[in-house]
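Reading the structure
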Amino acid sequence: MKIWASEHIFNHPWETVTKAAMQKYPNPMNPNVFGVDVLDRRVDAGGRLHSTRLLSADWGLPSIANSISFTNLVSVDEKLTYKPHPQDPEKTVLTQEALITVKGISLSSYLEGLMAKTISVNASKGREAMEWVIRRLNTEIEELAATARGTMRAPMAAAAADK
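Residues numbered from 1 in each chain as written. Predicted model: local features only at pLDDT ≥ 70, side-chain atom pairs only at ≥ 80, totals over all residues. Heavy atoms only, no water.

Further remarks concern the pattern of salt bridges. The tally for this structure, following the rule as stated, stands at 3 salt bridges. D40 serves as the salt-bridge partner of R42, at 3.8 Å between the closest nitrogen and oxygen. You can call R42 partly exposed: its relative accessible area is 42%. Under the relative-accessibility criterion, D40 is labelled partly exposed at 36%. Among the ionic pairs, E140 bridges to R136, the shortest N-O distance being 3.6 Å. Residue E140 and its partner R136 are both found in helix α2 (residues 108-162); the two are separated by 4 residues, about one turn of the helix. Here E140 falls in the partly exposed class, since its relative accessible area comes to 37%. Looking at R136, the relative accessible area reads 27%, which means it is partly exposed. (Salt bridge = Lys/Arg side-chain N within 4 Å of Asp/Glu carboxyl O. Buried < 20%, exposed > 50% of the residue type's maximum accessible area, 1.4 Å probe, protein only. Helix = DSSP H or I, 4+ residues; strand = E, 2+ residues; numbered from the N terminus.)

So, in structure tokens, the structure goes:
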């Protein structure tokens, strides 16, 4: 078993980051992830949102490996926690943890180490993807606001012309 952990600070408020996290896939930084299924979502007594999601991905394995089920050999249990930054409400702290287990094959600790390195690289891509989603959400908000302003101006201009 191998444990991997990382912490990252986003320069965005918690509300923005959590919205982006729920809309993270699909994105151009992680093209291998093509689907997300929500298995469980609940709010606990402390008001914390817990979401268990299953990612469907194409890892580009050779065709011979496609017929082998790795679910009995490899397990990666990942936990992401988003919290408002304790000193700055305009920032969010992301804590990532992964528990990697490879069973039933020789060199399992070596393979767990390789998987931890891969998770580290993919975590960096995941943070890039979050920034991409946040930019996309901000653009959508700006476009909606501009549309709303234009929609409101037209009747006001017409009313002013009638006077």
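Having seen the structure, we can now continue with the description.
Once that is clear, we can look at the sheet that holds strand β1 (residues 2-10). The strand order across the open sheet built from 3 strands is β1-β5-β4, with neighbouring strands paired in antiparallel fashion. Two strands lie at the open edges of the sheet, namely β1 and β4 (74-84), each paired on one side alone. Between one strand and the next, the sheet's axes are offset by a mean angle of 15°, whatever the strand orientation. Note: β4 against strand β5 (residues 92-102), 11 bridges, orientation antiparallel. Bridging across to β5, V74 finds its partner in V102. Seen against the sheet, helix α1 (residues 14-22) touches β1, β4 and β5 and runs at an angle of roughly 155° to β4. (Pairing = 2+ DSSP bridges. Axes fitted to C-alpha atoms, helices over the stretch in contact; angles between N-to-C directions. Contact = heavy atoms within 4.5 Å.)

Structural measurements only, silent on function.
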